[in-house]
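# Fold and geometry: a report
Take a look at the letters that make up each chain.
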Amino acid sequence: MKDQLLAKIQDRSAVVGVVGLGYVGLPLAMEFAKAGFRVIGYDVSVPTVDRLMTGVSHIQDVPSEEVAAQVAAGRFIATAVEERLHECDAISIAVPTPLSKSRDPDMSFVEAASEAIARHARAGTLVVLESTTYPGTTREVLQPRIEARGLVVGKDVFLAFSPERVDPGNPKFHTKNTPKVVGGVTRDCTEVTVALYRSCIDTVVPVESAEVAELVKLLENTFRAVNIGLVNEMAIVCDKLGVNVWEVIDAAATKPFGFMKFTPGPGIGGHCIPLDPLYLAWKMRTLNYRTRFIDLASDINSEMPEYVVRKVARALNDDRKAVNGSRVLLLGVAYKKDVDDMRESPALEILRLLGERGAVVEYHDPWVPRFREHGEVHAGVDLSADRLRAADAVVVVTDHSNVDYQFVADHAGLIVDARNAMARTSPSRARVVPLSATTAL
Ligand code: SAJ
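How each quantity is defined
- Residues numbered from 1 in each chain as written.
- Predicted model: local features only at pLDDT ≥ 70, side-chain atom pairs only at ≥ 80, totals over all residues.
- Heavy atoms only, no water.
- Near = heavy atom within 4 Å.
- Polar contact = N/O pair within 3.5 Å; in protein donor to acceptor, adjacent residues only side chain to side chain.
- Areas by Shrake-Rupley, 256 points an atom, 1.4 Å probe, with all protein chains shown as cover.
- 1 Å grid on protein atoms, 1.4 Å probe; cavity = no way out; pocket = protein on both sides within 12 Å on 5 of 7 lines; lining within 4 Å.
- Sits in = over half its atoms within 2 Å of the grid points.
- Helix = DSSP H or I, 4+ residues; strand = E, 2+ residues; numbered from the N terminus.
- Buried < 20%, exposed > 50% of the residue type's maximum accessible area, 1.4 Å probe, protein only.
- Pairing = 2+ DSSP bridges.
- Right-handed = clockwise from strand over helix to strand, strands pointing away.
- Domains from an automatic or database assignment.
- Contact = heavy atoms within 4.5 Å.
- Buried area = accessible area lost by both parts, 1.4 Å probe.
- Salt bridge = Lys/Arg side-chain N within 4 Å of Asp/Glu carboxyl O.
- Nonpolar A, V, L, I, M, F, W, Y, C, P; charged D, E, K, R; others polar.
- Points joined across faces, edges and corners; volume = space filled by probe spheres on them.
- Axes fitted to C-alpha atoms, helices over the stretch in contact; angles between N-to-C directions.
- Core = buried A, V, L, I, M, F, W, Y, C linked by side-chain atoms within 4.5 Å.

### Quick look at the site of the ligand
Not every one of the 20 residues close to the ligand is listed here, only the nearest: E164, K217, N221, T263 and Y335. In the model, an oxygen atom of the ligand is placed 2.7 Å from a nitrogen or oxygen of the E164 side chain. For the ligand, an oxygen atom lies 2.5 Å from a polar atom in the side chain of Y335. Coverage of the ligand by the protein amounts to 87% of the 730 Å² it exposes when considered alone. Assessed atom by atom at 2 Å from the grid points, the ligand resides in the second largest pocket. Here the shell around the ligand takes 4 residues from helix α8 (residues 210-241), the largest share from any one element.

Written out as structure tokens, the structure is:
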């Protein structure tokens, strides 16, 4: 089986399936198609599938022209018909791994994908899980489902984990030029997975097992969450000492070794950094171990929206204004700069907290014209001089590159800057309150 599959990968006659056509799956499907494979993209969302078949991309980093070209060349088809998985010799799974309401792993998407594959996979198929998850998932959740129909992993079918490393909006690193870690349930599983990914990704890094590969991803993202938590606590420390935390960090970053710059902010968003470490924390709790760094970082990072709202309240108070009834304009609501994604964005918590205190809140975000939250649609407003003048407080929550911060400084009265976006503007009529220093600049 292994040699047959290796030969099909080698001569590109293998049909490659990608389950889940989101910000991970669609770029991956395009890379396989560009490498010469016929690719079947399977997604449960019929609108997504239909749109892709008309050559329209819903993913910021995948141009529609690329989708259209692969569809026209007959190398990519998107389908919501799970029976088509039977045509695939290799299948990569890139479905969401969110948290449930009780903040535990929600494996329902991975389970559904595994069961769909198990219903249709045939002997000789490779299955690779890419979704970020707790260590043990590949062996404990996928393997039993894949083997439910008598196929044996390592002999009839091959199973591996390969973490996605997509950084949405990153202008330099994309799927093809970001090294890809691969860990199989058996050595043969690792070998065929390496062969598949080497066909379209510049650097492939085999590791000992699926568990090693699962933990690599969790270490990467826990590393980020903990270091962001550290600089957020440093922002609180600097606030109490009346020091500008950005100055401290920028100067520390001049150290050419042994330091890595992270920046404080209004909290962390996205579907990875706030959630992935909690997958590891959950798994370790089942083994009676408490991952204190993860828990502490999560505590500090999730306090930051409230911290920003307190600074807004204090700044309004300095102007003899109550939050209640004040007009507050948020600048940037996406979860990070230069992306259009709102998932887990700290701006949502800031909006809620200000609304609870009676503020009249509007937002401007060139990347997010509108969004839906708890069934309510929020529409952004334009960034006009009148609107800036009318605001009792302007709050920079996400520092998109395509906003004119000098224009903001020239027309706003009070600006609470949670991202240091105003540091590069020249002094103007606005009073700027930075994230950390208590002394208004
Ligand atoms: N953030 C800070 N300070 C920082 C860095 C980030 O407050 O110094 C905030 C961001 O504003 C954002 C959140 O943290 O709200 C996450 O930002 P991120 O830069 O980690 O970006 P993500 O979540 O879109 O993508 C990350 C990847 N990013 C980078 O490595 C730069 C990477 O960790 C993973 O490939 C990806 O998550 C994933 O899918 O796991």
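### Points about the pairing of strand β1 (residues 15-19)
Each regular strand displays side chains that alternate between the two surfaces of the sheet. Across the 5 residues that make up β1, a large majority, 5, are buried. Of the two faces of β1, the one holding V15, G17 and V19 and the one holding V16 and V18 are both buried throughout. Bridge analysis of β1 against strand β2 (residues 38-42) gives 5 bridges, and the strand direction is parallel. Counterpart to V18 in the pairing with β2 is G41. Assessed by its sense of winding, the connection that carries the chain from β1 through helix α2 (residues 25-34) to β2 is right-handed. In this structure, β1 lies alongside strand β4 (residues 90-93), joined through 4 bridges in parallel fashion. Within β4, the residue paired with G17 across the bridge is I91.

### Describing the domain arrangement of the chain
Domain assignment breaks the chain into domain 1 (2-213) and domain 2 (231-441). Taking only C-alpha atoms into account, the centre of domain 1 sits 35 Å from that of domain 2. Each partner contributes to the interface: domain 1 provides 18 residues, whereas domain 2 provides 17 residues. Roughly 1,400 Å² of surface becomes buried between domain 1 and domain 2 when both sides are summed, with 58% attributable to carbon and sulfur atoms. For the pair domain 1 and domain 2, the number of links is 3 salt bridges. A salt bridge links K336 to D167; its shortest N-O distance comes to 2.7 Å. Our count for the contact surface shared by domain 1 and domain 2 stands at 8 residue pairs in polar contact (both at pLDDT 80 or more). The residue makeup of the side of domain 1 that touches domain 2, split by class, is 8 nonpolar, 5 polar and 5 charged.

### Quick look at empty space enclosed by the protein
Inspection of every chain in the model, using the stated rule, returns 2 cavities of 30 Å³ or more. Put simply, the largest cavity is a space of about 90 Å³. Forming the boundary of the largest cavity are V24, L28, E130, P163, E164, R165, V166, T175, T178, P179 and K180. Its residues placed into classes, the lining of the largest cavity shows 5 nonpolar, 2 polar and 4 charged. Of the pockets and cavities examined, the second largest cavity occupies roughly 50 Å³. Lining the second largest cavity we find R327, V328, L329, V360, E362, R387, A390 and A391. Only β9 (327-331), β10 (360-364) and α13 (385-390) provide two or more residues apiece to the lining of the second largest cavity. For the lining of the second largest cavity, the leading source of residues is β9, giving 3 residues.

### Concerning the sheet that holds strand β14 (residues 414-417)
One open sheet holds the 5 strands; their spatial order is β10-β9-β13-β14-β15, and the pairing between them is parallel. Since the sheet does not close on itself, it has two edges, and those belong to β10 and β15 (431-434), each with one partner. Adjacent strand axes in the sheet meet at a mean angle of 20° when their direction is disregarded. The pairing of β9 with strand β13 (residues 393-396) spans 4 bridges and is classified as parallel. Within β13, the position partnered with L331 by the bridge is V396. Helix α12 (residues 346-356) contacts β9 and β10 of the sheet and is inclined by roughly 180° relative to β9.

### Digging into the nonpolar core
One recurring pattern in soluble globular proteins: nonpolar side chains tend to sit buried together. Within the largest apolar cluster, 124 residues are counted, with the highest numbers of intra-cluster contacts made by F32, F37, F76, I117, L330 and L354. Counting residues domain by domain, this core receives three or more from each of domain 1 (2-213) and domain 2 (231-441). If near-sequence neighbours (up to four positions away) are discounted, L330 is found in contact with A347, I350, L351, L354, V361, E362, Y363, H364, V395 and V397.

### As for the layout of surface pockets
Rolled over the atoms, a probe with the dimensions of a water molecule shows which regions are left empty. The volume enclosed by the second largest pocket comes to roughly 1,400 Å³. Surrounding the second largest pocket, 40 residues form its lining, D167, R224, I228, F262 and K336 being those nearest its centre. Breaking the lining of the second largest pocket down by element, the ones donating at least two residues are α8 and α9 (245-252). A per-element tally of the lining of the second largest pocket places α8 first, with 6 residues. Inspection of the lining of the second largest pocket shows a minimum of three residues originating in each of domain 1 (2-213) and domain 2 (231-441).

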